[in-house]
Amino acid sequence: MLKIMTIKTILIDDERKALAILKNKLERLCPNVEIIAQTQNPKEGIKLIKNLNPDLVFLDIAMPELNGFDVLKQFDKPDFEIIFATAFDNYAIEAIKHCAIGYLVKPVENKDLISEVTNAVANIEEKTALKKNRQLIENLGVQTFQKKKIIIPSVEGLEFVKIEDIVHCEGEAGYTKIHLESGKPMLSSNSIGHFNKLLENNEFYLVHKSHLINLSYIEKYINEGYVVLSGNKKIPVSRNRRQEFLELLKN
Amino acid sequence: MSKEEIIFLSLFCIVLLVVFSIVFLFATFNNRKNKLLQEQLESKLNNQKRQHELELNALRAQMNPHFVHNSLNAIQYYIQLNEVEKSEDYLAKFSKLMRQFFEYSRKQSISIENEIGLLKNYLDIEKLRFEDNFNYYLKIDKALDTEELFLPPMILQPILENAINHGIFHKEGQGELIIEFTSLNESSFKVEVIDNGIGINKAKAMNLQKLQTHTEHSSYVLEERLMLLKESKNWNIDFKIIDRSLNSNQTGTKVTLVFKDDLNVEDYDH
């Protein structure tokens, strides 16, 4: 018999209309989501979460007084799954993506909502929320990009990797091999494009469609179109990317 | 004057002359150097300025008010019909396209793959507007490496928009748009945009009657951008536009863009 899990859910968004839209969509598109409470006030939201112990929280990021991240920081043991919602905030999205936490951009696309909720259900069964939320809180307190950690889901579970330990990522038929400063390379089922977006920053560069490198490991550039990384690794630089890459190095 | 005094005096004069010439040469040299530096700085600043202009032009060419309002109008249409899912879908696609516009217009170049993603999104929105009366076909040469070849962002979208709004819009019956990417060699490619609309000659005539300047404006922006891109020495793009009725008995307009890469030849792989 198919067991349909009911997901106890709380919605927090300072905009009344945003709450109404989300509620309407969830009722239409995600029948296993049960909305047990909703609020426009983040402080009340904290109380609701503490009292009602939800499985899932939809949390708006840009709110006056307490933003979504501040709400999360109020918990010693944030073991609830979160799907963040934001209209436009690259910094916040980057931080969320680093920890493999769900998010939606407003206006919400129906298929994105369905896929995020499906993901959340799987995560609730695997009970990964606490670790990811704690990592997000930790990262928010770290100023240097390279000192932050990213979470990479793998077959065995979640891997926590410090960005500065990543030497280079190599795309291979839809998968990505992550070469670390020490130890065995890791394999992720995400594409290199995913990691390019995840590490989009002045400190990483996609020198080739299947090679994303950490610029701090560059030892030298060879004019024929190669870059040598520490450990004597020779990585090809695509012809059409050379000019931009060299300009980046000069700066 | 004694002999010694004459020798001394002439020596003194020679030394003086040498010192003067050194000072003079140094001053001229310094002057030239400063002038050269100044010129370099100026041309660098000019290039930067030009780049900013390009970005602005790109944005202007993109956020075409006609497109924005036509899209919002179509959303209103679906809301009135009470087609909730369709309205939502349309709105979300529109919002995604705006995000892409903002993101890409800040970049100097984007891969063909990303450009195709944006065009698909744009064309899907236009399809919602025209309902069953519009279809598009994207033909991509298998030999084309869409991840390793780049083009300036926002070059193709205004061309498609022109084809739809001034070619296909005025046509009765099924409108069709073909966008074809062809590989020319390892680093050059051709893009053709072919519509079966009324053709550029008729469209121009109609616009003259209506005293409408929009087409002229957007094609002016496009030409201006292509010229600036050529001047920037980073791109070499050939642009050609013909009315299909001139060479065949079909109607419509064909725009051909050839992206040539003869700029990085000196660092060609050995």
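Computed from a predicted structure; not experimentally measured.

**Q** Teacher, can you tell me more about the overall build of chain B here?
**A** A tally of regular secondary structure across chain B gives 7 helices and 7 strands. Residues classed as buried in chain B amount to 26% of the 270 residues present. Restricting to contacts in chain B with at least 6 residues of sequence separation, those with at least 24 account for 73%.

**Q** Looking at this structure, I do not really get the interface of chain A and chain B. What am I missing?
**A** Where the parts come together, the accessible area they lose is often given as the size of the interface. Listed per partner, the contact involves 14 residues of chain A and 15 residues of chain B. The element best represented in the side of chain A that touches chain B is helix H8 (residues 239-250) of chain A, accounting for 5 residues.

**Q** Sorry, what's going on with the nonpolar core here?
**A** In globular proteins that are soluble, nonpolar side chains generally tend to be buried together. A:Val57 and A:Phe84 are the most contacted members of the largest nonpolar core, which has 53 residues in total. When we break this core down by domain, the ones giving at least three residues each are domain 1 (7-140) and domain 2 (161-250) of chain A. Formed by 33 residues, the second largest nonpolar core is a distinct cluster that contains B:Ala74, B:Phe101, B:Ile125 and B:Tyr136.

**Q** Got a minute to help me understand the packing of helix H3 (residues 84-104) of chain B against helix H4 (residues 112-130) of chain B in this structure?
**A** Residues and elements named next belong to chain B. Contact geometry for H3 and H4: axes closest at 10 Å, N-to-C directions at 145°. For the element pair H3 and H4, the recorded crossing hand is left-handed. Residues Tyr90, Lys93, Phe94, Lys96, Leu97, Gln100 and Tyr104 of H3 form the contact with H4, whose participating residues are Leu118, Asn121, Tyr122, Asp124, Ile125 and Leu128. Its residues placed into classes, the contact of H3 with H4 shows 8 nonpolar, 2 polar and 3 charged.

**Q** Sorry, what's going on with helix H2 (residues 65-80) of chain B here?
**A** Residues and elements named next belong to chain B. Look at H2: 22 Å from first C-alpha to last across 16 residues, which is about the 22 Å you get at 1.5 Å a residue. For H2, the set of buried residues is Phe67, Ser71, Ala74 and Ile75. Angular distribution of buried residues about the axis of H2 spans 100°; they occupy a single face of the element. More than 90 degrees from the buried face of H2, the exposed residues found are Pro65, His66, His69, Asn73, Gln76 and Gln80. Each element contacted by the buried residues of H2 is listed here: H3, H4 and helix H5 (156-168). Phi turns positive, to about 65°, at Asn82, one or two residues after H2.

**Q** Looking at this structure, how should I read the confidence of the model for chain B?
**A** Low pLDDT marks stretches whose predicted atomic positions should not be read closely. Residues and elements named next belong to chain B. On average, residues of chain B carry a pLDDT of 82, and 87% of them reach 70 or more. Mean pLDDT per element in chain B: helix H7 (residues 214-231) is the minimum at 69, and strand E2 (residues 134-140) is the maximum at 95. Here residues 264-270 is a poorly scored stretch, pLDDT under 50, and it has 10 contacts once near neighbours within four places are set aside; other chains count. Model confidence for the complex is summarised by a pTM of 0.78, with the ipTM given as 0.78.

**Q** Help me out: how do you make sense of the sheet that holds strand E15 (residues 233-236) of chain A in this one?
**A** Picture the strands of a sheet paired through backbone hydrogen bonds; they go either parallel or antiparallel. Residue and element names in this part refer to chain A. Taken together, the 3 strands give an open sheet; going across it, the order is E13-E14-E15, and neighbouring strands pair in antiparallel fashion. Every other strand in the sheet has two partners, leaving strand E13 (218-222) and E15 as the edge strands with one partner each. Ignoring which end each strand starts from, the neighbouring axes of this sheet average 25° apart. Pairing of strand E14 (residues 226-229) with E15, which is carried by 4 bridges, proceeds in the antiparallel orientation. Residue Val228 lies in a different strand from E15, and its bridge partner there is Lys234.

**Q** Explain the sheet that holds strand E10 (residues 186-188) of chain A here, please?
**A** Residues and elements named next belong to chain A. What the 5 strands build is an open sheet, ordered E10-E9-E8-E12-E11; its pairing is antiparallel. In this open sheet, the two edge strands, each paired with only one partner strand, are E10 and strand E11 (204-208). In this sheet, neighbouring strand axes are inclined to one another by 20° on average, regardless of whether the strands run parallel or antiparallel. Bridging between strand E9 (residues 175-180) and E10 involves 3 bridges; their strand directions are antiparallel. Following the sheet pairing, Lys177 is matched in E10 by Leu187.

**Q** Whenever I open this one, the packing of H2(B) against H3(B) confuses me. Can you help?
**A** How two helices pack is summed up by the angle between their axes together with the distance between the axes. Residue and element names in this part refer to chain B. Running from amino to carboxyl end, H2 crosses H3 at an angle of 160°, the nearest separation of the two axes being 8 Å. Our classification of the angle between H2 and H3 gives roughly antiparallel. As for the relative orientation of H2 and H3, their crossing is left-handed in sense. Seen from H2, the contacting residues are Ser71, Ala74, Ile75, Tyr78 and Ile79; seen from H3, they are Lys86, Ser87, Tyr90, Leu91 and Phe94. Partitioned by chemical class, the residues of the contact of H2 with H3 number 7 nonpolar, 2 polar and 1 charged.

Calculation criteria
- Residues numbered from 1 in each chain as written.
- Chains lettered and ligands numbered in written order.
- Predicted model: local features only at pLDDT ≥ 70, side-chain atom pairs only at ≥ 80, totals over all residues.
- Helix = DSSP H or I, 4+ residues; strand = E, 2+ residues; numbered from the N terminus.
- Buried ≥ 20, exposed ≤ 12 C-beta atoms within 10 Å, placed from the backbone.
- Contact = placed C-beta atoms within 7 Å.
- Core = buried A, V, L, I, M, F, W, Y, C linked by C-beta atoms within 7 Å.
- Domains from an automatic or database assignment.
- Axes fitted to C-alpha atoms, helices over the stretch in contact; angles between N-to-C directions.
- Left-handed = near helix turned anticlockwise from the far one by under 90°.
- Nonpolar A, V, L, I, M, F, W, Y, C, P; charged D, E, K, R; others polar.
- Expected span 1.5 Å × (residues − 1).
- Arc of directions from axis to C-beta.
- pLDDT = per-residue confidence, 0-100.
- Pairing = 2+ DSSP bridges.
- Parallel < 35°, antiparallel > 145°, perpendicular 65-115°, else oblique.

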